[in-house]
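Listed below are the residues making up each chain.
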Amino acid sequence: MPSPRYERMVARQDMLRRLLIPNTSPPTGNYKRVTKEKTFAYSLLMHAELESYIEDMVSEIADAAFALWRKNSSVTFPLACMVIYKEGGEVGFSENIFNIGKERKAESIVAVSKRHFDYRVKNNHGVRHKNICKLFMSIGFIPDPSEEALLNSLDGFGAKRGEYAHTSPDGKLLSETDPITEANEINVLIENMKGLDEAFVLYREKCGL
């Protein structure tokens, strides 16, 4: 069963497509400039939605792991990974077990690790493979190798988004962009995210979260 967050992403995709993408191609096959510009907007907004989906799913697992730690000091695998991938050097030991500095106590280290994780998510930009890898490793989530094609597709979509966002559309970009084809490709990408969504849900259950 899809996660509630995945269902919200699909609902937003449907709404944006109705607002920005025509139902059929014009008889001439030539779209107006405004239609092409709406297509660029659709791609940018869906990129943002995909990025937000991944960040939210990763954050939900991290938040649940941190909450369980605060409740009863349970150490789950996602929590351990957040500590492992904390920015900064070694913590080091205290010379007096009865007088451990606050910065060296386990409670403080875990809290700092969670803040580092939150900062990492907040400053994430895009769905390129390197971005996704950093977020997934932060909670110890390693997808099945069968998802490699999906991650490659997300990487390609992220690269295309960069072109749309940072390049003023020229004649070539405008002529090569077909609104319906573009929207259908995003539909396929969202549909293929179902497997990854299921993996997120199963991973959370496996970790007792």
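Not measured: the values here are computed from a predicted model. (Residues numbered from 1 in each chain as written. Predicted model: local features only at pLDDT ≥ 70, side-chain atom pairs only at ≥ 80, totals over all residues. Heavy atoms only, no water.)

### Quick word on the overall build of the chain
1) Next: The helix and strand inventory of the chain stands at eight helices and zero strands.
2) Next: The order of helices and strands in the chain, counted from the N terminus, is α-α-α-α-α-α-α-α.
3) Next: Here the C-alpha atoms of the chain give a radius of gyration of 21 Å, more than 25% beyond the 17 Å that 2.2 N^0.38 yields for 209 residues.
4) Next: Considered along the principal axes of its C-alpha atoms, the chain spans approximately 80 × 35 × 30 Å.
5) Next: Put simply, the chain has 209 residues, and 39% of those count as buried.
6) Next: In the chain, 80% of the contacts between residues at least 6 apart in sequence involve partners at least 24 apart.
7) Next: Summing over all exposed atoms, the chain offers an accessible surface of approximately 12200 Å²; the carbon and sulfur share of this is 54%. (Helix = DSSP H or I, 4+ residues; strand = E, 2+ residues; numbered from the N terminus. Rg over C-alpha atoms; globule rule 2.2 N^0.38 Å. Buried < 20%, exposed > 50% of the residue type's maximum accessible area, 1.4 Å probe, protein only. Contact = heavy atoms within 4.5 Å. Areas by Shrake-Rupley, 256 points an atom, 1.4 Å probe, with all protein chains shown as cover.)

### Some thoughts on helix α1 (residues 4-20)
1) Next: The end-to-end C-alpha distance of α1, which contains 17 residues, comes to 24 Å, matching closely the 24 Å that a straight helix rising 1.5 Å per residue would cover.
2) Next: Of all the residues in α1, the buried ones are R5, Y6, M9, Q13, L16 and L20. Along α1, the residues classed as buried sweep out an arc of 100 degrees about the axis, all on the same side. Pointing more than 90 degrees away from the buried face of α1 are the exposed residues P4, R18 and L19.
3) Next: The inward-facing, buried residues of α1 contact α2 (33-72) and α8 (179-206). (Expected span 1.5 Å × (residues − 1). Arc of directions from axis to C-beta.)

### Details of the packing of aromatic side chains
1) Next: Overall, the coordinates contain six aromatic pairs when judged by the stated rule.
2) Next: Ring pairing ties together the aromatic residues Y6, Y53, F136, F141, F200 and Y203, which thus form one cluster. (Phe/Tyr/Trp six-rings, centres within 6.5 Å; stacked < 30°, edge-to-face > 60°.)

### Side note on the nonpolar core
1) Next: By size, the foremost hydrophobic cluster in this structure holds 41 residues, and its most contacted members are L50, I54, L154, M193 and F200.
2) Next: Elements represented by at least two residues in this core include exactly α1, α2, α3 (77-84), α4 (106-122), α5 (129-138), α6 (148-166) and α8. (Core = buried A, V, L, I, M, F, W, Y, C linked by side-chain atoms within 4.5 Å.)

### Describing the packing of α3 against α4
1) Next: Relative to each other, α3 and α4 sit at 85 degrees, their axes nearing to 8 Å. By the angle class used here, α3 and α4 are roughly perpendicular. Across from L79, M82 and V83 in α3, the residues of α4 making contact are I109, V110, S113, K114 and F117.
2) Next: A breakdown of the residues in the contact of α3 with α4 according to their chemical character gives six nonpolar, one polar and one charged. (Axes fitted to C-alpha atoms, helices over the stretch in contact; angles between N-to-C directions. Parallel < 35°, antiparallel > 145°, perpendicular 65-115°, else oblique. Nonpolar A, V, L, I, M, F, W, Y, C, P; charged D, E, K, R; others polar.)

### Quick notes on the state of the cysteines
1) Next: The tally for this structure, following the rule as stated, stands at zero disulfides.
2) Next: Here C81 is not cross-linked by a disulfide; its sulfur's nearest cysteine counterpart is in C207, at 8.5 Å.
3) Next: For C81, a relative accessible area of 5% gives the class buried. (Disulfide = S-S within 2.5 Å.)

### Quick word on unusual backbone geometry
1) Next: The phi dihedral of S73 falls on the positive side, at around 65 degrees, and the residue is not glycine.
2) Next: Note on placement: S73 falls in the loop between α2 and α3.

### Notes on the pattern of salt bridges
1) Next: As enumerated under the stated definition, the model contains 10 salt bridges in all.
2) Next: Taking the shortest distance from any N to any O, the salt bridge between E37 and R33 comes out at 2.8 Å. Pair noted here: E37 and R33 are both in helix α2, with a separation of four residues, about one helical turn.
3) Next: Notably, a salt bridge pairs R128 with D155, separated by 2.9 Å at the nearest N-O pair. Of the two residues, R128 is situated in the loop between α4 and α5 and D155 in helix α6; the sequence distance between them amounts to 27 residues.
4) Next: One continuous salt-bridge network, built from bridges that share partners, spans R5, R12, E49 and D56. (Salt bridge = Lys/Arg side-chain N within 4 Å of Asp/Glu carboxyl O.)

### A few points about the environment of D155
1) Next: Separated by 26 residues in sequence, D155 and H129 have C-alpha atoms that sit 5.3 Å apart.
2) Next: Ignoring anything within four residues of it in the chain, the contact list for D155 reads V127, R128 and H129.

### Section: the side chain of E55
1) Next: Checked against the element boundaries, E55 lands in helix α2.
2) Next: This buried residue, E55, is left without a salt bridge; R5 holds the nearest opposite charge, at 8.0 Å.
3) Next: Among the polar contacts made by the side chain of E55, one reaches the side chain of N124 at a distance of 2.8 Å.
4) Next: Setting aside residues up to four positions removed in sequence, E55 forms contacts with V121, N124 and L135. (Lys, Arg positive; Asp, Glu negative; His and termini not counted. Polar contact = N/O pair within 3.5 Å; in protein donor to acceptor, adjacent residues only side chain to side chain.)

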